[in-house]
Amino acid sequence: MSENKNEDMLETTTEIKQGHAGIGKFNIAVQIVLTIVCIVYLILHFKP
């Protein structure tokens, strides 16, 4: 019986599983805003 109990337990690790979570609308909005801010900064501070 103790063997079945060990099989049901999740292993604790420091690894992050990627590719299983959906990207939320808030994350997309933040990425777009940061991209626009970076592009504007580069345009305003460009010195040829």
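Located above this text is the structure these notes cover.
Residues numbered from 1 in each chain as written. Predicted model: local features only at pLDDT ≥ 70, side-chain atom pairs only at ≥ 80, totals over all residues. Heavy atoms only, no water.

Draft legend 1. The arrangement of the overall build of the protein chain in detail. Within the protein chain one finds two helices and zero strands. For the protein chain, with 48 residues in total, the buried portion stands at 0%. Accessible area of the protein chain: about 5,600 Å², with a carbon and sulfur share of 63%. (Helix = DSSP H or I, 4+ residues; strand = E, 2+ residues; numbered from the N terminus. Buried < 20%, exposed > 50% of the residue type's maximum accessible area, 1.4 Å probe, protein only. Areas by Shrake-Rupley, 256 points an atom, 1.4 Å probe, with all protein chains shown as cover.)

Draft legend 2. Main features of a nonpolar patch on the surface. Among the surface-exposed residues, Ile23, Ile28, Ile32, Ile36, Val40 and Leu44 lie close enough to one another that they form a single nonpolar patch of about 600 Å² accessible area. Along the chain, isoleucine 23 turns up in the loop between helix H1 (2–8) and helix H2 (25–44). Looking at isoleucine 23, the relative accessible area reads 67%, which means it is exposed. (Patch = residues over 30% accessible without salt bridge, like charges linked within 9 Å, V, L, I, M, F, W, Y side chains within 5 Å. Salt bridge = Lys/Arg side-chain N within 4 Å of Asp/Glu carboxyl O.)

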